[in-house]
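What follows is each chain in one-letter form.
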2 protein chains.
Amino acid sequence: MKKIAIVGLGLMGGSFAKAFIEYSDNIVYGYDINEKTIKDARNVDIKIIDNKNEFKNMDLTIICLNPLSIKKFVKENCKYLSNTVMEISGVKNNLYPYIKDLSKKYFFTYKSIHPMAGREVYGFESSLKDLYIDASMIYLDDLDDEEISLFKKIGFNKFVKASPKKHDQMISFTSQLCHVISNAYVLNEKSLNHDGFSAGSLKDMTRVSKIDENLWSELFLLNKDFLIEDIDIMIKNLKDLKSELENDDLERLKTQLKKGNDIRKKMW
Amino acid sequence: MKKIAIVGLGLMGGSFAKAFIEYSDNIVYGYDINEKTIKDARNVDIKIIDNKNEFKNMDLTIICLNPLSIKKFVKENCKYLSNTVMEISGVKNNLYPYIKDLSKKYFFTYKSIHPMAGREVYGFESSLKDLYIDASMIYLDDLDDEEISLFKKIGFNKFVKASPKKHDQMISFTSQLCHVISNAYVLNEKSLNHDGFSAGSLKDMTRVSKIDENLWSELFLLNKDFLIEDIDIMIKNLKDLKSELENDDLERLKTQLKKGNDIRKKMW
């Protein structure tokens with residue numbers, strides 16, 4: 001029975017806390033600055049850390065804040081942190097070397113992870129004990145057997161190691177670009193007149209335009225080089241298709257659609 | 001008890017046939033040129049039309065073919081058609097006036113409809129009796145109470161009238177552009193390496209890149225003016241976001257994301 005602290009009880013942190021309570025026999029502590037969240041967390045048996053010295057007693061601390069808030073939290077509190085400290089930032093290049101340095105200076109073990117799960121709602125009230133069922137976990141530092149076992153208990157069923165750069169390069173495409181596209185899509189003024197003219201594809205296509213602009217603007221800017229590359233590829237592919245339409249080039253259009261179809265079939 | 005003929009027992013036509021058999025007391029006839037489809041259709045109690053003179057005895061004929069095949073079928077068979085003839089083409093501007101003229105000349109009642117439902121698989125084997133549950137029906141010509149009641153029986157719960165032009169303008173955005181975007185997305189070479197790095201958003205975003213290139217290249221080209229307009233709007237919105245990234249313009253980026261978020265919340 002270990003002591004696990006979750007810093008930041010939002011969608012991701014709240015879901016970790018609820019899942020560890022439900023599926024493991026560890027003692028779960030939470031740290032948050034929002035009074036309502038603290039109250040709600042106490043109601044589901046999360047113990048609240050109100051004195052930072054308590055972090056010293058934790059076996060594992062998982063920081064579930066926005067990327068820049070993670071950096072700030074670690075910087076301000078590194079003297080309290082001990083044992084293993086993880087953070088779940090959605091971009092890594094910007095903060096990984098910085099926290100790695102602090103971990104060496106302050107003698108805690110730093111392991112960077114990124115749970116591949118989410119919802120288009122946020123806050124503790126949206127967190128779910130089952131958010132991580134069947135999810136993939138990206139990790140930057142080797143996890144030991146006990147840690148893997150802990151994450152498996154709450155649902156993770158795939159573990160993929162990546163460098164900070166590889167992580168950010170892939171996340172730009174698998175997650176950030178989806179949110180960019182979805183946003184660009186709904187900005188067409190026809191959006192508000194879709195009723196009766198749409199089926200499932202429009203709903204799926206625009207689902208992740210429902211985002212917290214504070215979190216996602218930060219994520220986009222911290223990964224802007226890769227994201228701009230992926231936006232450029234997207235624009236190029238759209239321009240190709242547009243030119244096929246303009247030229248009534250049925251054969252090239254069919255070839256492009258067939259190619260996409262073949263790729264998608266291999267993806268899942 | 002009426003006689004309903006379905007021409008073309010693919011995903012859409014097969015689903016109409018199965019739904020009418022399941023949820024109405026009408027007699028359902030099918031017409032198809034594929035031997036296997038005919039055999040499979042007989043196995044689920046669809047009566048097969050093998051002499052075109054039988055179309056004269058139908059109370060309602062619904063043509064469920066690709067747009068250009070609908071034009072061809074009506075042209076070649078207008079002398080056999082009687083009573084009410086519907087077609088479900090996904091684009092209307094190109095074929096509506098043409099079939100309207102034939103209907104006047106050959107004395108059948110022409111009503112153009114477009115059921116807003118689909119799946120990313122096709123053929124009779126993919127058709128479902130419940131495909132139209134909770135779907136919207138776009139119609140170009142007034143449907144009478146009996147027709148509305150028939151479609152309600154098989155699941156349609158919304159009916160929206162549109163002109164051919166309005167139909168094509170909206171469908172370009174609500175359906176065709178989704179398929180274009182999804183195709184352009186998967187053509188990024190990172191697609192085949194997503195495993196472990198992706199969650200639900202990539203899956204949803206790329207779902208409709210699984211399409212029949214023959215059908216969709218036809219749909220795109222027959223509606224290319226509206227579709228090119230929508231692709232241009234998409235490219236413009238992507239370029240705006242890209243320039244916000246390039247300029248580290250946090251405030252404009254947040255404003256754009258917030259605007260998309262607000263629009264999406266109003267959409268559903």
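For clarity, every value in this text was computed on a predicted model and none was experimentally measured.

The next subject is the overall build of chain A. Assigned secondary structure in chain A consists of 10 helices and 8 strands. For chain A, the spread of C-alpha atoms along the principal axes amounts to about 70 × 40 × 30 Å. Per-residue burial over chain A gives 59% buried out of 268 residues. Counting contacts in chain A only where the partners sit at least 6 residues apart, residues at least 24 apart contribute 66% of the total. Here chain A displays about 11,300 Å² of accessible surface, and carbon together with sulfur accounts for 47% of that area. One finds the centroid of the 41 positive side-chain charges in chain A at a distance of 2 Å from the centroid of its 40 negative side-chain charges.

Residues and elements named next belong to chain B. Along the polypeptide, Asn77 turns up in helix H3 (residues 67–77). Residue Asn77 is classed as buried on the basis of its relative accessible area, which comes to 1%. A polar atom in the side chain of Asn77 sits 2.7 Å from the side chain of Lys52.

The next subject is the sheet that holds strand E7 (residues 136–139) of chain A. Backbone hydrogen bonds are what pair the strands of a sheet, in a parallel or an antiparallel way. Residues and elements named next belong to chain A. Read across the open sheet, the 8 strands follow the order E3-E2-E1-E4-E5-E6-E7-E8; overall the sheet is mixed. Each edge of the open sheet carries a strand with a single partner, namely strand E3 (47–48) and strand E8 (158–161). Looking at chain direction, E7 and E8 are connected through 4 bridges and run parallel. Within E8, the position partnered with Tyr139 by the bridge is Lys161. Lying on the sheet, helix H4 (residues 96–106) is in contact with strand E5 (84–87) and strand E6 (109–116); it crosses E6 at an angle near 145 degrees.

What follows concerns helix H8 (residues 213–222) of chain B. Within an α-helix, residues lying three or four positions from one another point in the same direction, as the helix has 3.6 residues per turn. Among the 10 residues that make up H8(B), 7 are buried, leaving the element largely enclosed by the rest of the structure. Within H8(B), the full set of buried residues consists of B:Glu213, B:Trp216, B:Ser217, B:Glu218, B:Leu219, B:Phe220 and B:Leu221. On its buried face, H8(B) sits against helix H9 (224–246) and helix H10 (250–267) of chain A together with H3, helix H6 (164–186) and helix H9 (224–246) of chain B. Where H8(B) starts, the residue carrying a side-chain oxygen 2.9 Å from the main-chain nitrogen of B:Asn214 turns out to be B:Asp212.

Okay, the nonpolar core next. Nonpolar side chains tend toward joint burial in soluble globular proteins. Ranked by internal contacts, the top residues of the largest apolar core, which has 60 residues, are A:Ile181 and B:Ile181. For B:Ile181, the contacting residues outside a window of four places in its chain are A:Ile181, A:Tyr185, A:Met205, A:Met234, A:Leu238, B:Met205 and B:Met234.

A few words now on the state of the cysteines. Applying the stated rule across the entire model yields 0 disulfides over all chains. With no disulfide of its own, A:Cys178 lies 13 Å from the sulfur of B:Cys178, the closest cysteine sulfur.

To continue, consider the relation of the copies chain A and chain B. Rotating chain A by 180 degrees and translating it 0.0 Å along the rotation axis places it on chain B, where the RMSD comes to 0.0 Å. The transformation relating the two chain copies, once decomposed into turn and shift, fits a two-fold axis. Both copies share a contact surface, since 100% of the interface residues of chain A are interface residues in chain B too.

Next up on the list: the interface of chain A and chain B. Taken together, the 89 residues of chain A in the interface contact 89 residues of chain B. When chain A packs against chain B, close to 8,900 Å² is buried across both sides, 69% of that on carbon and sulfur atoms. Its largest share of buried area at the contact with chain B, chain A owes to A:Lys190, A:Phe197 and A:Arg264, together 9% of the area lost on that side. If you look at where chain A meets chain B, you find 10 salt bridges. For A:Asp232, the salt bridge identified is with B:Lys242, shortest N-O distance 2.7 Å. Our enumeration of links across chain A and chain B arrives at 40 residue pairs in polar contact (both at pLDDT 80 or more). Breaking the side of chain A that touches chain B down by element, the ones donating at least two residues are E7, E8, helix H6 (164–186), helix H7 (200–206), helix H8 (213–222), H9 and H10 of chain A. Per-element tally for the side of chain A that touches chain B: the top contributor is H6(A), with 19 residues.

Applying the stated criterion across every chain, the model contains 36 salt bridges over all chains. In this structure, A:Asp230 and B:Lys190 form a salt bridge, with 2.8 Å as the shortest nitrogen-oxygen distance. Of the two residues, A:Asp230 sits in helix H9 while B:Lys190 sits in the loop between H6 and helix H7 (200–206), which places them in two different chains. We note that A:Asp230, like B:Lys190, is buried. Note that B:Arg207 is salt-bridged to B:Glu120, the shortest N-O span being 3.0 Å. Within this pair, whereas B:Arg207 is found in the loop between H7 and H8, its partner B:Glu120 is found in the loop between strand E6 (109–116) and strand E7 (136–139), the two being separated by 87 residues in sequence.

Residues and elements named next belong to chain B. Summarising burial for strand E1 (residues 3–7): 4 of the 5 residues are buried, a large majority. The pairing of E1 with strand E2 (residues 27–31) spans 5 bridges and is classified as parallel. Looking at E2, one finds that Val7 is bridged to Tyr31. Note on the crossover from E1 through helix H1 (residues 11–23) to E2: the handedness is right-handed. Of the pairings in the sheet, the one linking E1 to strand E4 (residues 60–63) comprises 4 bridges and is parallel in character. Following the sheet pairing, Val7 is matched in E4 by Ile63.

Turning next to the packing of H8(A) against helix H10 (residues 250–267) of chain B. Here H8(A) crosses H10(B) at 130 degrees, and the two axes come no closer than 9 Å. Taken as axis vectors, H8(A) and H10(B) run oblique relative to one another. Where H8(A) crosses over H10(B), the handedness of that crossing is right-handed. The residues of H10(B) that touch H8(A), namely those facing A:Glu213, A:Asn214, A:Trp216, A:Ser217, A:Phe220 and A:Leu221, are B:Leu250, B:Leu253, B:Lys254, B:Leu257, B:Lys258 and B:Asn261. The class makeup of the residues in the contact of H8(A) with H10(B) is 6 nonpolar, 3 polar and 3 charged.

With that settled, consider the domain arrangement of chain A. Residue and element names in this part refer to chain A. Taken domain by domain, chain A consists of domain 1 (3–162) and domain 2 (169–267). Spacing between the C-alpha centres of domain 1 and domain 2 amounts to 31 Å. On the domain 2 side, the residues contacting the 13 residues of domain 1 number 13 residues. In total, domain 1 and domain 2 occlude about 1,100 Å² of area from one another, counting both sides; carbon and sulfur atoms represent 66% of this.

Reading the values: rules and limits
Residues numbered from 1 in each chain as written. Chains lettered and ligands numbered in written order. Predicted model: local features only at pLDDT ≥ 70, side-chain atom pairs only at ≥ 80, totals over all residues. Heavy atoms only, no water. Helix = DSSP H or I, 4+ residues; strand = E, 2+ residues; numbered from the N terminus. Buried < 20%, exposed > 50% of the residue type's maximum accessible area, 1.4 Å probe, protein only. Contact = heavy atoms within 4.5 Å. Areas by Shrake-Rupley, 256 points an atom, 1.4 Å probe, with all protein chains shown as cover. Lys, Arg positive; Asp, Glu negative; His and termini not counted. Charge placed at Lys NZ, Arg CZ, Asp CG, Glu CD. Polar contact = N/O pair within 3.5 Å; in protein donor to acceptor, adjacent residues only side chain to side chain. Pairing = 2+ DSSP bridges. Axes fitted to C-alpha atoms, helices over the stretch in contact; angles between N-to-C directions. Core = buried A, V, L, I, M, F, W, Y, C linked by side-chain atoms within 4.5 Å. Disulfide = S-S within 2.5 Å. Least-squares fit on C-alpha atoms with pLDDT ≥ 70 in both. Buried area = accessible area lost by both parts, 1.4 Å probe. Salt bridge = Lys/Arg side-chain N within 4 Å of Asp/Glu carboxyl O. Right-handed = clockwise from strand over helix to strand, strands pointing away. Parallel < 35°, antiparallel > 145°, perpendicular 65-115°, else oblique. Left-handed = near helix turned anticlockwise from the far one by under 90°. Nonpolar A, V, L, I, M, F, W, Y, C, P; charged D, E, K, R; others polar. Domains from an automatic or database assignment.

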